[in-house]
Amino acid sequence: MALQKQASPDYLRGLRRILLGIAAALMIGLFLLWRVDNLRVEQFRASLIDAFAPSFDWTIRPLASATRMVSDLRSYARVHEQNEELRRELQRMQGWREMALQLEQKNARLLALNRVRLNPRISFVTAEVMADAGGPFQRSVTINVGTADGVGDGAAAVDGLGLVGRVAGVAERSARVLLLTDSSSRVPVTILPSGGRAILSGDMTGAPVLDFLDQAEAIHPGDRVVTSGDGGIFPADVLVGRVTRTADGRPRVGLAADYAGLAFVRLLRRAPVPMVTEPGGLIGPRQPEAPAASENAHTAAAETGR
Amino acid sequence: MRSGRWSRRALLPLLGIVAIHAPLVPVAPGSGAAMPDLLWCLVLAFVARAPDAAPAAVIVGLGLLADLMLSRPPGLGALGLLIASEIFRAPDGAARGWSPPREWLFAAAAFAATILATALAERLTLGPGLAALRGHVVATVLAYPFVALGVGWLLGQRPARSGTR
């Protein structure tokens, strides 16, 4: 290729310059295309990652586990201290366990009394974190499930404890989870116990900001923050974290999910909630055809109305 | 002799793919720690030491792959890398006579300029903001000398040499 000739005649050098110019123009064009037709370029990106990332799995995994081992080794130094701490914690947990068992029994009794049918529409699939976003422009992780596992755009991702983010971009066997800390993440939340609503918006720092608070004076550091379910993307009442106040005076949320040790995430698959849009149909014997139908409908409506 | 030249040429694409994949390793995925742009360091160090083994087509390809894989605005990072590498290359290998500190300074300035330009272009809509990118620039600038040393060692070359072949 002419691009590769270093010490070459003048005309080749000119050709090289022209080719470089074309390449530069194409790259600017790609950026503009990304700006204008974001969806298609992002789909291409997702399929590229889908093709590349799993094939590098065998390099990524040992490296990651080796690095984790080093950090684990460091914590061996404090092993005695940790042991004590764990023992204390265990004691406390046994108390909680007892309480949970009692509550479970009580709950089962109440459910049996009520014959409640719980909403079965949330099922989940657990995915392993395959890759980091690897850059300062986005806070996201790539995970190893995709459309093949029934995961769609917008699915909520949680770890054991709290909300992690949502799926933004899926390919067949991989998907990208946009973390709550990303600057384009916006999640409607409810603050408990005051019940105030707000929008949790990421700003590339560890603790996202609470925007558009409707009761700014009613919140206090330590209040729980859960998703509100507004907007229909996230299910309601998924734990997000606790309110903290930082030096800049804006209310922020300390996230409950363990962001530094993110290895597995659980994706909530949710069938769309059926919406009631029309009044119920008429109940009664099957009616004959059109002309007679209208007056029959009147009488039927009068009957069912009573 | 010929096989040696080809292995020299294969070195940049191979190391480039490693450099693209290194930041993808999920060590602490959500922590958002600042990471250096290793590909940038690698390409510039390569161009400064062995421009004949770093063809522009390979640089463009690596840059585009990195932009797409690392969820950056596609095209701009590759363009910045291409322009910086061309300045390093031209005219007549001038960059190869530079002292290591001068080389480092240029690489740092070029990287900061590229990130700044990318951030400005991103300001058209929501971007991460300059504060979030500062750590990235600092990490890359600090990583450069180490990558340059590594590349020099791999190519078996004394640091600075003036003039072209």
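Going by an unreviewed UniProt entry, chain B carries the name Rod shape-determining protein MreD and comes from Amaricoccus solimangrovi.

Asker: I keep staring at the overall build of chain B and nothing clicks. Help me out?
Answerer: If you tally the helices and strands in chain B, you get six helices and zero strands. Secondary structure elements in chain B, listed N-terminal to C-terminal, are α-α-α-α-α-α.

Asker: Would you mind going over the confidence of the model for chain A with me for this structure?
Answerer: Interpretation of this model should avoid reading the predicted coordinates in detail wherever pLDDT is low. Mean pLDDT over chain A: 79, with 83% of residues reaching 70 or higher. The model gives residues 299-306 of chain A a pLDDT under 50, and that stretch makes five contacts with residues more than four places away or in other chains.

Asker: Just checking my understanding: could you explain the nonpolar core for this structure?
Answerer: Nonpolar side chains tend toward joint burial in soluble globular proteins. Counting residues in hydrophobic clusters, the biggest one holds 97 residues, and the most contacted among them are Val177 and Val265 of chain A together with Leu42, Val43 and Leu44 of chain B. Sorting elements by how many residues they give to this core places helix H2 (residues 38-49) of chain B first, with eleven residues. Those residues in contact with Val265 of chain A that lie beyond four places of it in its chain are Ala127, Val129, Ile143, Ala157, Val158, Asp159, Val164 and Val177 of chain A.

Asker: Which parts of the structure should I look at to understand unusual backbone geometry?
Answerer: What you tend to see is this: most non-glycine residues have negative phi, and most peptide bonds are trans. Residues and elements named next belong to chain A. The omega angle of the peptide bond from Leu192 to Pro193 is 10°, so this bond is cis rather than trans. Looking at the secondary structure, you find Pro193 in the loop between strand E6 (186-192) and strand E7 (196-201). The phi angle at Asp237 is positive, at roughly 65°, despite the residue not being glycine. By secondary structure assignment, the location of Asp237 is in the loop between strand E9 (224-227) and strand E10 (239-245).

Asker: Would you mind going over the UniProt feature "transmembrane region" (unreviewed entry) in chain B with me for this structure?
Answerer: All names here are of chain B. In the numbering adopted here, UniProt assigns the feature "transmembrane region" (unreviewed entry) to residues 104-121 and 133-155. The annotated region residues 104-121 carries 100% helix and 0% strand content, and the separation between its end C-alpha atoms amounts to 26 Å. What you have in residues 133-155 is 100% helix and 0% strand, and the ends, taken at the C-alpha atoms, are 32 Å apart.

Asker: What exactly am I supposed to notice about the confidence of the model for chain B here?
Answerer: Residues and elements named next belong to chain B. For chain B, the average pLDDT comes to 78, and 78% of its residues sit at 70 or higher. Across chain B, element-level confidence peaks in helix H3 (residues 56-69) with a mean pLDDT of 89 and bottoms out in helix H1 (residues 2-21) with 81. Below a pLDDT of 50 lies the segment residues 159-165, which in the model reaches 14 contacts outside its immediate sequence neighbourhood of four places, other chains included. Interface scoring of the predicted complex returns ipTM 0.71; its pTM is 0.65.

Asker: I tried to follow helix H5 (residues 100-122) of chain B on my own but got confused; where do I start?
Answerer: Residues three or four positions apart in an α-helix share a direction because the helix packs 3.6 residues into each turn. The terminal C-alpha atoms of H5 of chain B, which comprises 23 residues, lie 33 Å apart, in line with the 33 Å expected from a rise of 1.5 Å per residue. For H5 of chain B, the complete set of buried residues consists of Glu103, Ala107, Phe111, Thr114, Ile115 and Thr118 of chain B.

Criteria and thresholds
- Residues numbered from 1 in each chain as written.
- Chains lettered and ligands numbered in written order.
- Predicted model: local features only at pLDDT ≥ 70, side-chain atom pairs only at ≥ 80, totals over all residues.
- Helix = DSSP H or I, 4+ residues; strand = E, 2+ residues; numbered from the N terminus.
- pLDDT = per-residue confidence, 0-100.
- Contact = placed C-beta atoms within 7 Å.
- Core = buried A, V, L, I, M, F, W, Y, C linked by C-beta atoms within 7 Å.
- Buried ≥ 20, exposed ≤ 12 C-beta atoms within 10 Å, placed from the backbone.
- UniProt positions renumbered as here; feature names shortened; annotations may be inferred.
- Expected span 1.5 Å × (residues − 1).

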